[in-house]
Amino acid sequence: MKELKVAFIGAGSMAEAMISGIVESGTVKKENIYVTNRSNLNRRHELIRKYGIKAMHTEELPYEEIDAFILAMKPKDAEKAMKPLKEKIQPEQTIMSVLAGISNHFIEACLHSGQQVIRVMPNTSSMIGESATALSPSPNVSMENVWMAEELMAAIGKVFVIKESQMDLFTGIAGSGPAYFYYLMESIEKTAEENGMDPEMARKAGAQTILGAAKMMMSREETPSQLRENVTSPNGTTAAGLEALKFNGGGHAISQAILSAAERSKEMSEQLQEAILVK
Ligand SMILES: NC(=O)C1=CN([C@@H]2O[C@H](COP(=O)(O)OP(=O)(O)OC[C@H]3O[C@@H](n4cnc5c(N)ncnc54)[C@H](O)[C@@H]3O)[C@@H](O)[C@H]2O)C=CC1
Ligand SMILES: O=C(O)[C@@H]1CCC=N1
């Protein structure tokens with residue numbers, strides 16, 4: 001695994017989060033990690049300096065040496081990025097795509113017949129090895145390549161192998177999910193500040209509370225409902241807080257956030273599918 005050569009096409013925030021997690025874990029040698037973009041030279045220098053990896057213009061990549069390419073551009077740029085890629089790769093080379101709403105079928109259609117394509121949905125907590133990452137291989141992908149992808153993604157957090165039909169929902173829960181918690185924290189800080197508490201302190205206390213609750217859910221046998229009940233004394237403070245949360249649509253808001261993100265992911269796939277049919 002250490003000898004594996006991995007190339008990120010696209011040098012944005014998701015590529016950096018994954019590179020950081022992989023380099024930190026030592027799963028792949030940093031000199032075997034490549035990242036490319038089309039024009040931003042400063043960004044390439046920044047990534048070389050921070051992680052000791054190789055960064056270059058997309059055309060300069062040693063394509064034949066790469067075992068796994070990770071597509072990490074915006075979904076709108078995918079088709080344009082794959083045209084030159086097709087000419088430079090072989091069907092046996094693995095393509096992992098982190099692009100929201102872009103199906104394995106679409107990627108295969110843009111590349112070679114029989115291309116080894118694996119759809120992946122990480123999140124930005126990859127940066128510290130704490131992503132919740134879904135992985136969904138195309139049916140023709142070899143077991144060796146699925147294992148390779150699982151091992152590589154394990155470097156950035158927990159891995160879940162799922163059916164591609166569940167990818168939109170997984171994106172709504174875990175791909176976009178960190179943003180919901182950051183938004184929650186923004187509300188915590190704002191409330192603390194408006195009521196005279198130091199927002200820095202509120203951030204630390206709030207983050208520790210989220211971390212503690214997450215660790216409880218991952219290490220204890222109790223369900224989230226049981227854990228919630230354990231916090232809630234009859235007629236106490238938590239009961240009052242939860243009542244306000246329910247009255248103000250807290251549960252419904254979370255459910256709607258997940259479903260709207262999933263719907264957007266599905267819509268993005270459909271729009272691309274239509275664009276292919278029009279051509
Ligand atoms: N940001 C997030 O939390 C997550 C993002 N994703 C997916 O990751 C992908 C990238 O997202 P971000 O990093 O946030 O975007 P970003 O805009 O920060 O980065 C995109 C990068 O791709 C580069 N690029 C565009 N076309 C290219 C081409 N033809 N060849 C090489 N490089 C090219 C751009 O220069 C830029 O460096 C998206 O498809 C998104 O759906 C998936 C999971 C989570
Ligand atoms: O907002 C987006 O489209 C990307 C995909 C999941 C998280 N960020």
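Quick notes on the rules
- Residues numbered from 1 in each chain as written.
- Chains lettered and ligands numbered in written order.
- Predicted model: local features only at pLDDT ≥ 70, side-chain atom pairs only at ≥ 80, totals over all residues.
- Heavy atoms only, no water.
- Helix = DSSP H or I, 4+ residues; strand = E, 2+ residues; numbered from the N terminus.
- Near = heavy atom within 4 Å.
- Areas by Shrake-Rupley, 256 points an atom, 1.4 Å probe, with all protein chains shown as cover.
- 1 Å grid on protein atoms, 1.4 Å probe; cavity = no way out; pocket = protein on both sides within 12 Å on 5 of 7 lines; lining within 4 Å.
- Sits in = over half its atoms within 2 Å of the grid points.
- Domains from an automatic or database assignment.
- UniProt positions renumbered as here; feature names shortened; annotations may be inferred.
- Polar contact = N/O pair within 3.5 Å; in protein donor to acceptor, adjacent residues only side chain to side chain.
- Expected span 1.5 Å × (residues − 1).
- Buried < 20%, exposed > 50% of the residue type's maximum accessible area, 1.4 Å probe, protein only.
- Arc of directions from axis to C-beta.

### As for unusual backbone geometry
Keep in mind that most residues, glycine aside, have a negative phi and that most peptide bonds are trans. A positive phi angle, close to 60°, is found at N235, a residue other than glycine. Mapped onto the elements of the fold, N235 is located in the loop between α9 (224-231) and α10 (237-247).

### Overview of the site of ligand 2
Taken together, A100, G175 and S176 make up all the residues around ligand 2. Relative to its free-state accessible area of 240 Å², ligand 2 is covered by the protein chains to the extent of 45%. More than half of the atoms belonging to ligand 2 lie within 2 Å of the grid points that define the second largest pocket.

### Focus: the domain arrangement of the chain
Taken as a whole, the chain is organised into domain 1 (6-168) and domain 2 (177-258). Relative placement of domain 1 and domain 2: their C-alpha centres are 34 Å apart.

### What about the UniProt feature "domain: Pyrroline-5-carboxylate reductase dimerisation" (unreviewed entry) in the chain?
Following the UniProt record, the feature "domain: Pyrroline-5-carboxylate reductase dimerisation" (unreviewed entry) maps to residues 164-268 here. Structurally, residues 164-268 is divided into 82% helix and 0% strand, and its ends, taken at the C-alpha atoms, are 15 Å apart.

### Here we look at the site of ligand 1
In the vicinity of ligand 1 lie 22 residues, with S13, M14, M73, P75 and A100 positioned nearest. Taking A11, its main chain carries an N or O atom lying 3.1 Å from an oxygen atom of ligand 1. A distance of 3.3 Å is found between an oxygen atom of ligand 1 and a side-chain nitrogen or oxygen belonging to K74. Protein contact buries 79% of the 840 Å² of open area that ligand 1 shows by itself. Because more than half of its atoms lie within 2 Å of the grid, ligand 1 is assigned to the second largest pocket. Within the residue set of the shell around ligand 1, elements represented by two or more residues are α1 (13-25) and β2 (33-37).

### A closer look at helix α7 (residues 177-194)
Under the 1.5 Å per step criterion, the end-to-end length of α7 is 26 Å for 18 residues, consistent within 8% with the ideal 26 Å. Listed as buried for α7 are G177, P178, M185, E189 and A192. For α7, the angular spread of the buried residues around the axis is 120°, confining them to a single face. In α7, the exposed residues that point more than 90 degrees away from the buried face are Y183, E186, K190 and E194. Downstream of α7 by a residue or two, G196 has a phi angle that is positive, lying close to 90°.

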